[in-house]
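An overview of the molecular structure
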Amino acid sequence: MPIAPSNSTALITGGSTGIGLALASRFLSAGSTVIVTGRSQQRLDEAAAAHPGLLTIANDMSRAEDRLTLAARLHHEHPSLNIIINNAGIQRRVALAEDDAPWTERQAEIDVLLSGPVHLNHLLVPHLLATGRPSLVANVTSGGAYVPQPFAPIYAACKAALHSYTVTLRHALQGTSCRVMEIAPPAVRTALAGPGASHGAPLNDFTDAVFARLTETEDDFIGYGMTDTEAFHTAAEPYAEMFKGFADRFPVKTYD
């Protein structure tokens, strides 16, 4: 069954600005308890001031110790948690041939975009299942997960990996009360690409469409604009069918 936002507790990582905050505001309006994370305490304070009732936790999703602390706090303070939206992200717009940044900078991008959601889900999915309530894990990927982006190559590669992981997580949770969804935005007008970036779909239009499908349908994929065209779905469909055919070749343990 679709998730009932009026009776839900949602965690949204990277929720102090952009897509994360826009989704948080809609869950709040629908009656959910909403917790958002972010690295900047100032931005979290500003988000909470603008959205009464919003709960905030300063947290760096690139750090394993922060993820462990976050999961422990959620277990203790929010036992009714039933929605996880892995939205935290950074995007370095640097071509491979000119990327001479220290490796730690590139590793941080990988850790936020891929290590963060994989680790946090590992820590929190058993909690979601233990509640016995309908629950949802939504991983935010990108159109770049399907069409590599030479201007942001590490970002696109991490989103492609997150897409692959999401397909497998869905397989691991089949038959449980937890639904797994992928949200694949096109370019959206947020600060992800850096100060002054203004291209892409209007944030509110995108968020309205995504929130409706998150809460009113049982879809496992949500696209918008170029990621919700017939051509896009036609290209992706054969791979989905191949996964169904190959997934059970070797017995693997799934959640129960």
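The written sequence of each chain sets the order in which its residues are numbered from 1. Local features are withheld for residues below a pLDDT of 70 in this predicted model, meaning they are given only at 70 or higher, and side-chain atom pairs are given and counted only at 80 or more; totals for whole chains, interfaces and linings count all residues. The side-chain quantities take in all heavy atoms of the structure and omit both hydrogens and water.

1. Thoughts on the packing of helix α4 (residues 103-131) against helix α5 (residues 153-172)
Between α4 and α5, the shortest axis-to-axis distance is 8 Å and the interhelical angle comes to 15 degrees. Between α4 and α5, the crossing angle belongs to the class labelled roughly parallel. Both α4 and α5 take part in a crossing whose hand is right-handed. Residue-level inspection shows E109, I110, L113, L114, P117, V118 and N121 of α4 in contact with α5, the latter providing I154, Y155, C158, K159, A161, L162, Y165 and L169. Of the residues in the contact of α4 with α5, the class split is twelve nonpolar, one polar and two charged. To define axes, lines are fitted to C-alpha atoms, for helices over the stretch in contact only, and angles between the resulting N-to-C directions are given on a 0 to 180 degree scale. Secondary structure elements follow DSSP: runs of H or I of four or more residues count as helices, runs of E of two or more count as strands, with numbering from the N terminus. Any angle between 65 and 115 degrees counts as roughly perpendicular, while under 35 counts as roughly parallel, over 145 as roughly antiparallel, and the rest as oblique. Take the far helix as your reference; a near helix turned counterclockwise from it by less than a right angle gives a left-handed crossing, and one turned clockwise gives a right-handed crossing. Throughout, a contact is declared for two residues whenever any of their heavy atoms are within 4.5 Å. Side-chain classes follow a simple rule in which Ala, Val, Leu, Ile, Met, Phe, Trp, Tyr, Cys and Pro form the nonpolar group, Asp, Glu, Lys and Arg form the charged group, and the remainder, Gly included, forms the polar group.

2. Section: the packing of aromatic side chains
Under the pairing criterion, centres of Phe, Tyr and Trp rings, with the six-membered ring standing for Trp, must be within 6.5 Å; the plane angle then separates stacked pairs below 30 degrees from edge-to-face pairs above 60, leaving the rest tilted. Tallied over the entire structure, the rule returns five aromatic pairs. Ring centres 6.2 Å apart and planes at 90 degrees place the aromatic pair Y146 and F221 in the edge-to-face group. Here Y146 is found in the loop between β5 (135-140) and α5, whereas its partner F221 is found in strand β7 (residues 221-223), with 75 residues between them in sequence. We classify Y146 as partly exposed; its relative accessible area is 26%. F221 gets classed as buried once you look at its relative accessible area, which sits at 16%. Where F221 meets F232, the ring centres are 5.9 Å apart and the plane angle is 25 degrees; that geometry is what we call stacked. Of the two residues, F221 is situated in strand β7 and F232 in helix α7 (residues 230-246); the sequence distance between them amounts to eleven residues. Exposed residues in this analysis have more than 50% of their type's maximum accessible area, buried residues have under 20%, and partly exposed residues fall in between, with area computed by a 1.4 Å probe over protein chains only. With relative accessibility at 11%, the residue F232 sits in the buried group. Ring pairing ties together the aromatic residues Y146, F221 and F232, which thus form one cluster.

3. Quick look at the environment of H51
Looking at the element boundaries, H51 is found in the loop between α2 (41-50) and β3 (55-58). The class of H51 is partly exposed, set by a relative accessible area of 21%. Residues H51 and A24 lie 27 residues apart in sequence; the distance between their C-alpha atoms is 8.9 Å. Leaving out residues up to four positions away in the same chain, H51 has contacts with L21, S25 and L28.

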